[in-house]
Amino acid sequence: MHPDFFYAIIITVLLMQTIQFYCLFLNISDRSLCLILNKEYYYIMRSFEYYTPTKVIFGKDTHLKVATLLKEQHCKKVLIHYGGHSAIKSGLIDEIRSVLDEAGIAYVTLGGVVPNPRLSKVREGIELCRRENVDFLLAVGGGSVIDSCKAIGYGLANPETDVWNFFLRTETPKACLPVGVILTIAASGSEMSNSCVITNEDGWLKRSTARNDLCRPRFAILNPRLTYTLPQYQTESGCVDILMHTMERYFVNIETMEITDSISESLMQTVIYNSRILLKEPDNYTARAEIMWAGSLSHNGLTGCGTGGGDWACHQLEHELGGTYDVAHGAGLAALWGSWARYVYDANPERFAQFATNVFEIPCSIDFNKTALAGIEAMEDYFRSIQMPTSLHELGLDLTEKDIHDLAFKCSYEDTRTIGVFKQLNMKDMEKIYLAAR
Ligand code: NZQ
Ligand code: ZN
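All values derive from a computational prediction rather than experimental measurement.

Participant: Teacher, can you tell me more about the overall build of the protein here?
Facilitator: Regarding its fold elements, the protein presents 18 helices and eight strands. Computed over C-alpha atoms, the radius of gyration of the protein comes to 23 Å, within 12% of the 22 Å expected from 2.2 N^0.38 for 438 residues, which places it in the range of a compact globule. Seen through its principal axes, the protein has C-alpha atoms that stretch 75 × 50 × 50 Å. A buried classification covers 58% of the 438 residues belonging to the protein. Contacts in the protein between residues far apart in sequence, at least 24 positions, make up 77% of those at least 6 positions apart. Counting every atom, the protein has about 18,700 Å² of accessible surface; 54% of that belongs to carbon and sulfur. Where the 40 positive side-chain charges of the protein centre and where its 52 negative ones centre are 4 Å apart.

Below is the structure:
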């Protein structure tokens, strides 16, 4: 071995020991020191693909641009798809109708999409659009309406296949009718995402298609003012979902990239800060706007660049709750996250410690377990501060052991699959997490 190389190794080892020594005695409160430690072990430039074809039109009154955008898409007849009452009550649907009338764009309407959107409504939409020769799908609403549109788009563009097979993942869609979005709730990120989640009333199975760029919306109109009418519970539940889309990608057990970590940590801090403002000031435009843009960025792939895809165990556990008990998605995630985190953190306490320090500014002790647990507690305290549940009981569910076994059985596809990558979870693990969340 060349002596220079030998000396270089000795110097590196001594440097590392000095840093650790320094950290130990200072009980580090300095974010950059914690980063130095983590950087040595965790940062690496990974290969990744990033594709976000959705045109975003952000700001006040942007929904009035919908006719121009539809014309850009050469649309001849559009389905205006919406939910229960909110978009009618606010006058938004009427406004869209008159903009389209003025522009001479033909349309049909179909409302009645419910949260945890149903397969029966998708089938109704497919039939209606076929009959009416619809060639573009406009979602006016949140994740439920957007996903219903995406599923209708898959059904229409693949007439030889029963649409549910895409959710069972026994078949892969070859095309999707184009979808555009006027967003009324910041939460799911479906306005830019490549996924679609539908509930089949036959068995109450809530399932997502495999990720597929075909369903990414062509455009997303983001007017933060359209979210002013949201009930507080939906606003805050949406904020949790936004956080979780970044956290699912952040809590991985592999080397990540510093730039991606920094974007993610900053996004999380922004959502935490502004969600607290919205609790007191629901008409605060700036806070609504920050949250809305964070919602799209959180789930368009940006925070997953170089993190290998993400964990997604919490989402899988929650989808079973949503399908079976019809709870709000974000609130369900809040109820489960702490139990999941305590169950898995020891697989990589350093990662949780980094989260605690960089998101909640908790001094990073050399005892990573201690810092990790303090970070989990801080997140749960935050959930409580925005009136989100941290247990199934607080979510409104008092489940028996049999109920919990059934959930784990469904979530594990009858004990045939595992979920998560931070720590791989089998049916027994899922059952323990649900039990801990009771
Ligand atoms: O039906 P209306 O009357 O419109 O009421 C809705 C609904 O009750 C209401 N709402 C929406 N905008 C409003 C409003 N109320 C007043 N004023 C407004 N401006 O909010 C309630 C919830 O709407 P929903 O669309 O269900 O919410 P969200 O956007 O949270 O979507 C949840 C669905 O998206 C899925 C979830 O699993 C859930 O089914 N997800 C979809 C994803 C995707 N495709 O990428 C990713 C997510 O992780 C998530 O799984
Ligand atoms: Zn989600």
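Once the structure has been displayed, the description carries forward.
Participant: How should I be thinking about the site of ligand 1 in this particular structure?
Facilitator: Not every one of the 33 residues close to ligand 1 is listed here, only the nearest: G84, S86, S144, S193 and H245. H299 has a polar side-chain atom sitting 3.2 Å from an oxygen atom of ligand 1. Starting from 960 Å² of accessible surface for ligand 1 in isolation, the protein chains cover 88%. Where the shell around ligand 1 is concerned, the elements lending two or more residues are α7 (143–157), α9 (232–250) and α12 (313–325). Each residue belonging to the shell around ligand 1 can be placed in one class, and the counts come to ten nonpolar, 20 polar and three charged.

Participant: What exactly am I supposed to notice about the sheet that holds strand β2 (residues 77–82) here?
Facilitator: Strand pairing in a sheet is mediated by backbone hydrogen bonds. Such pairs are either parallel or antiparallel. With parallel pairing, six strands are arranged side by side in an open sheet as β1-β8-β5-β4-β2-β3. The sheet is open, and its two edges are formed by β1 (55–58) and β3 (106–110), each paired on a single side. Along the sheet, successive strands turn relative to each other by an average axial angle of 20 degrees, direction set aside. Sheet topology note: the β2/β3 ladder contains five bridges and is parallel. Looking across to β3, one finds that H81 is bridged to L110. In the packing of helix α5 (residues 92–103) onto the sheet, contacts are made with β2, β3, β4 (136–141) and β5 (179–183), and the angle to β2 comes to roughly 175 degrees. With respect to the sheet, helix α6 (residues 119–132) is in contact with β2, β3 and β4, its orientation differing from that of β3 by roughly 160 degrees.

Participant: Can you walk me through α12 in this structure?
Facilitator: Helical geometry note: an α-helix holds 3.6 residues per turn, so side chains three or four residues apart project in the same direction. With 13 residues, α12 extends 18 Å between its outermost C-alpha atoms, agreeing within 8% with the 18 Å of an ideal straight helix rising 1.5 Å per residue. Taking burial as the measure, the 13 residues of α12 include eleven buried ones, the bulk of the element. Along α12, the positions that sit buried rather than exposed are A313, C314, H315, Q316, L317, E318, H319, E320, L321, G322 and G323.

Participant: Help me understand the coordination of the zinc ion (ligand 2) in this model?
Facilitator: Four donors placed tetrahedrally about a metal ideally form angles of 109.5 degrees, and six donors placed octahedrally ideally form angles of 90 or 180 degrees. Protein coordination at the zinc ion (ligand 2): the donors are D241 (OD), H245 (NE2), H315 (NE2) and H329 (NE2), at 2.0 to 2.2 Å from the metal. We note that the donor set of the zinc ion (ligand 2) lies within a single chain, spaced as D-x3-H-x69-H-x13-H. You can see H315 sitting in helix α12 and its partner H329 sitting in helix α13 (residues 329–344), a full 14 residues away along the chain. By the burial criterion, H315 is buried, and H329 matches it.

Participant: Can you walk me through the nonpolar core in this structure?
Facilitator: Within soluble globular proteins, side chains that are nonpolar tend to cluster in buried spots. Core analysis: the biggest nonpolar cluster contains 99 residues, and L137, W337, W340, F352 and F355 have the highest contact counts within it. In terms of residue count, the dominant contributor to this core is α13 (nine residues). Not counting chain neighbours up to four residues away, the residues in contact with F355 comprise M247, Y250, F251, M268, W337, F360, G375 and M379. In terms of nonpolar packing, the next biggest core, distinct from the first, is built from 24 residues, V78, V99, Y107 and I182 among them.

Participant: Got a minute to help me understand the packing of α12 against helix α17 (residues 401–411) in this structure?
Facilitator: Describing two packed helices takes the angle between their axes plus the distance from one axis to the other. Viewed as axis vectors pointing N to C, α12 and α17 meet at an angle of 115 degrees, and their least axial separation amounts to 9 Å. The hand of the α12/α17 crossing is right-handed. The segment α12 lies against α17, with Q316, L317, E320, L321, T324 and Y325 engaging D403, L407, K410 and C411. Across the contact of α12 with α17, the residue classes break down as five nonpolar, two polar and three charged.

Participant: What should I look at first to understand the packing of aromatic side chains in this one?
Facilitator: Within a pair of aromatic rings, the relevant descriptors are the distance that separates the centres and the angle that separates the planes. Scanning the model with the defined rule gives 20 aromatic pairs in all. With a centroid separation of 6.1 Å and an interplanar angle of 45 degrees, the aromatic rings of W340 and F352 are classed as tilted. Pair noted here: W340 is in helix α13 and F352 is in helix α14 (residues 349–360), with a separation of twelve residues, a long-range link. In terms of burial, W340 and F352 fall into one category: buried. Between F355 and F360, the aromatic rings sit 5.8 Å apart at their centres with planes inclined by 80 degrees, giving edge-to-face as the arrangement. For the pair formed by F355 and F360, the shared burial category is buried. Each residue in the set Y250, F251, W337, W340, F352, F355, F360, Y382, F383 and F422 is aromatic and connected to the rest through ring pairs, giving one cluster. One residue, R211, lies across the ring of W312, its end atom 4.7 Å from the ring centre.

Participant: Help me out: how do you make sense of the pattern of salt bridges in this one?
Facilitator: Pairing between side chains becomes possible if they bear opposite charge and their charged atoms approach one another. One pass over the structure, following the stated rule, counts 17 salt bridges. The salt bridge involving D213 is made with R216; its shortest N-O contact spans 2.8 Å. For D213, a relative accessible area of 36% gives the class partly exposed. Put simply, R342, E380, D381 and R384 are held in one network by salt bridges that share partners.

Participant: Would you mind showing me how to read the pairing of β2 here?
Facilitator: The side chains of a regular strand alternate, first on one face of the sheet and then on the other. Burial analysis of β2 places six of its six residues in the buried class, the great majority of the element. By the alternation rule, side chains of β2 split into K77, L79 and H81 and V78, I80 and Y82, which are all buried. Two strands pair when backbone bridges link them, and β2 and β4 are joined in this way by five bridges, in the parallel orientation. Bridge pairing in β4 places Y82 opposite V140.

Calculation criteria
Residues numbered from 1 in each chain as written. Chains lettered and ligands numbered in written order. Predicted model: local features only at pLDDT ≥ 70, side-chain atom pairs only at ≥ 80, totals over all residues. Heavy atoms only, no water. Helix = DSSP H or I, 4+ residues; strand = E, 2+ residues; numbered from the N terminus. Rg over C-alpha atoms; globule rule 2.2 N^0.38 Å. Buried < 20%, exposed > 50% of the residue type's maximum accessible area, 1.4 Å probe, protein only. Contact = heavy atoms within 4.5 Å. Areas by Shrake-Rupley, 256 points an atom, 1.4 Å probe, with all protein chains shown as cover. Lys, Arg positive; Asp, Glu negative; His and termini not counted. Charge placed at Lys NZ, Arg CZ, Asp CG, Glu CD. Near = heavy atom within 4 Å. Polar contact = N/O pair within 3.5 Å; in protein donor to acceptor, adjacent residues only side chain to side chain. Nonpolar A, V, L, I, M, F, W, Y, C, P; charged D, E, K, R; others polar. Pairing = 2+ DSSP bridges. Axes fitted to C-alpha atoms, helices over the stretch in contact; angles between N-to-C directions. Expected span 1.5 Å × (residues − 1). Donors = N, O, S within 2.8 Å, 3.2 Å for Na, K, Ca; no water. Core = buried A, V, L, I, M, F, W, Y, C linked by side-chain atoms within 4.5 Å. Left-handed = near helix turned anticlockwise from the far one by under 90°. Phe/Tyr/Trp six-rings, centres within 6.5 Å; stacked < 30°, edge-to-face > 60°. Lys NZ or Arg CZ within 6 Å of the ring centre and 35° of its normal. Salt bridge = Lys/Arg side-chain N within 4 Å of Asp/Glu carboxyl O.

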